[in-house]
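Summary of structural features
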Amino acid sequence: YYNIISLSAGCCAFLFIPKKYLNKVKSILETDSERQLSKHIINHTRQQLNLKLVRVSEVFYEMEKIFCGMIKGYMSPEDAVNMLSADAKEEICCACPQKEKCHKENADTVDKGFCSAIKAGIDKGRVTLLDIPPRLASVCLKTNSVLSVCGRLSNSYRQYAVVVNNLDTSRALIGRQFKGVGDILYQLAKETKYSVGFNAATEKIIIEELAYNNIVCAETIVYNENDAEINISLLLKTADSYEKTISKIIGGLVNRRMVIAKREESRYPGLSVLHLKPAPKYDVIFGAAGTAKEGKNISGDTHCLTRISDDKFLLVLSDGMGSGENAEKTSSMAIGMVENFYRAGFDSGTILSAVNRFLNVGGDDNFAAIDICAINLSDGICDFIKLGCPQGYIKSKTKTEVIESNALPAGILEELTPTVTAKKVRSGDIIVLVSDGVFEAFGDSDALSEFIFSETTSNPQQLAENILHKALGVVITPKDDMTVLTMRIYMQL
C-alpha cells in the first residue's frame, strides 16, 4: 500500500508541474550527460592513442636493431696484410722458374717481404722500391711485378674499406634516427598515458565571471594532464574572443598569469575557441654581432636565435672549419639540423649524434664547433651543450660565471662526448656565447670574463657589439671569423 501511495503521489506531482520547468530540467540533465560522455570519450581516446604510440615506437626500436645488426665491419688491416700477401705471392711466383728453390731456401724472407710491401701500400696508398725489403729484392727476379701486384692489391683493400665503412656508417646513422623517432613516439605515449582531469566547479565560475564582464561564453573546459599546469579552453563569440581582458580575468580566477596560446575558428558560425595556458615565468631578449675573416666576404660562423615552443628558447652558434663559403656551408648544415631536430622534439644526445655522423660522412673537412644554450622559460634552467667551442659566460649582478668546454668539434670522431652543463639563471642574467675568433682576440678566458663583467649596459645587442668592437680593437684585422651572441633573461610581470 505504501508503494502504491508514493507512486500515485509522484504521478500527481508530475502532472501538476508546468511543462516549461520539466523541459528546463530535461535540458540540464541532457547537457550534463552529453558533457560527461564527451569527457569519457576523450580519456578513452587518449588511452587508445597511448597504446598505438607505444606499439609504433616498438616498431622503430626493432628497425634500429635490424640496421645496427647489419653493421658487419671490414677486415682489419692486419688480417688483410696476411691474406693479400699470400695472394700476391701466389700471383707473382706461379710462373717463376726459381719458385721451388726460392720458397725452400728463402721462405721467411719472401713471406715477410710481401707482408711489408702490402702493409706499406695499405698505409700510404702506393708501393715504391723503398718499401721492398733489401733481402727480398736481392733474391727475387720479379721486383717490378712485386711493385705492381702489391700496389694493386693494397689499393683494392683501401677502396673496399672505404665502401664498407661508409655502408656501416650509413646503417648506424639510419638506426640511430629510427631510435630517435622511437624515443619521440614513446615520450608522446607517456604524455597520453594518464587521463585528463576536469574541473566542473571552475568551469561554472569562469562562465559566470565572463558573463559579469559582458563576455558571452557558450562553453568552457578546465583540465590538466599528468598533474601539470592548468589548461583552459573557451567557446566564445568571435567578437568577444579579442577582448584583451580575458587573460587577466581567467588568471585572477585560477591564481596564475595566463596567456592565450591559440585562437581558432569553431565549427559553429560566429563562435571562436580560445586556448589559454599558464604564461612562462621568464622571457628573453637577445643580440648578435659578427664579422668575417679579413679578405673573406662570407663568415664561416652561423647562428640561430629562436623560440622552439611556448616555453623553450634556443641559442646556437656553429663555427665551420676554416672560413669562407665551405665553412659557412658546413656550419649552416649543422645549425639547420640542430634547430629542426629540437623543434621535432629529439633529445640533445640524439641530435648531436646525428649531426656528428652527417659531418663525419661528409669528408675530412666537415668539422664544426657547435655551441648550444637551450633555456626552459618556465623554470629558468639552461642546458649548455658544447662541442669544440670556446667557453660560455653567464653575467649576473655580482660575477661572470664561466661555462667550461672540453669536447672536440663535431665530425672528427664517429662517437662524441659533448660537454653538458645545466645552470639555473635568474632575472637580469645575461648569457654570452662567442666563436673562436673573438675568444682568441682576448687571449684568455679571464680577460674576456672581466670585460663582460665590466660592461654596464643591460641591452644584449649593445653588449654583443661592445664585445666585438673590443676584440677588433685588439687584433685590428680579424684573423678568423668573429661572432658574439647574447641573451638577457627577465621575469614577466
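All of the points below concern the structure found in this document. (Residues numbered from 1 in each chain as written. Predicted model: local features only at pLDDT ≥ 70, side-chain atom pairs only at ≥ 80, totals over all residues. Heavy atoms only, no water.)

Quick word on the sheet that holds strand 15 (residues 482–491)
Across the sheet, which stays open at both edges, the five strands sit in the order 6-15-14-11-12 with antiparallel pairing between neighbours. Sheet topology places strand 6 (282–291) and strand 12 (400–403) at the edges, where each strand pairs with a single neighbour. Across this sheet, the average inter-strand angle for adjacent strands is 20°, counted without regard to direction. Examined bridge by bridge, strand 14 (residues 430–434) and strand 15 share five bridges and lie antiparallel to one another. Counted as the bridge partner of V434 is V484 from strand 15. Of the strands in this sheet, strand 11 (392–395), strand 12 and strand 14 touch helix 13 (residues 445–454), which is tilted by about 30° from strand 11. Of the strands in this sheet, strand 6, strand 14 and strand 15 touch helix 14 (residues 460–475), which is tilted by about 25° from strand 6. (Pairing = 2+ DSSP bridges. Helix = DSSP H or I, 4+ residues; strand = E, 2+ residues; numbered from the N terminus. Axes fitted to C-alpha atoms, helices over the stretch in contact; angles between N-to-C directions. Contact = heavy atoms within 4.5 Å.)

Let's talk about the layout of surface pockets
Computed from the structure, the largest pocket encloses a volume of approximately 1,400 Å³. Considering the residues around the largest pocket, the lining is formed by 46 residues, among which K277, S309, D311, K312 and N376 are closest to the centre. Counting residues per element, the lining of the largest pocket draws most heavily on strand 5 (residues 271–278), which supplies four residues. Grouping the constituent residues of the lining of the largest pocket by class yields 21 nonpolar, 12 polar and 13 charged. (1 Å grid on protein atoms, 1.4 Å probe; cavity = no way out; pocket = protein on both sides within 12 Å on 5 of 7 lines; lining within 4 Å. Points joined across faces, edges and corners; volume = space filled by probe spheres on them. Nonpolar A, V, L, I, M, F, W, Y, C, P; charged D, E, K, R; others polar.)

A closer look at the nonpolar core
One finds V316, Y342, V355, I370 and I372 to be the most contacted residues of the largest nonpolar core, which totals 25 residues. Put simply, the parts of the chain that give this core at least two residues each are strand 7 (301–309), strand 8 (312–320), helix 10 (324–344), helix 11 (348–362), strand 9 (368–376) and strand 10 (381–387). If you tally residues by element for this core, the top one is helix 10, at six residues. Each residue touching I372, except ones within four places of it in the same chain, is listed here: L314, L315, V316, V338, Y342, L352, D383, F384 and I385. Counting 22 residues, the second-largest nonpolar core is a separate cluster that includes A88, I92, C102 and L153. (Core = buried A, V, L, I, M, F, W, Y, C linked by side-chain atoms within 4.5 Å. Buried < 20%, exposed > 50% of the residue type's maximum accessible area, 1.4 Å probe, protein only.)

Considering the pattern of salt bridges
Using the criterion set out here, one finds 10 salt bridges in the structure. With a closest N to O distance of 3.4 Å, D168 and R171 form a salt bridge. Of the two residues, D168 and R171 both sit in helix 7 (residues 143–191), three residues apart, roughly one turn of that helix. Of the two residues, D168 and R171, both sit in the buried class. Between E264 and K262 there is a salt bridge; the shortest N-O distance is 3.6 Å. In this structure K262 comes out as partly exposed when scored by relative accessible area, which is 47%. (Salt bridge = Lys/Arg side-chain N within 4 Å of Asp/Glu carboxyl O.)

Quick word on helix 13
Of all the residues in helix 13, the buried ones are S445, L448, S449, F451 and I452. Take helix 13 and look down its axis: the buried residues cluster within an arc of 165°, on one side only. Across helix 13 from its buried face, at more than 90 degrees, point the exposed residues D446 and E450. The elements touched by buried residues of helix 13 are strand 11, strand 12, strand 14, helix 12 (436–442) and helix 14. Two or three places before D446, at the opening of helix 13, D444 has a side-chain oxygen 3.1 Å from that residue's backbone nitrogen. (Arc of directions from axis to C-beta. Polar contact = N/O pair within 3.5 Å; in protein donor to acceptor, adjacent residues only side chain to side chain.)

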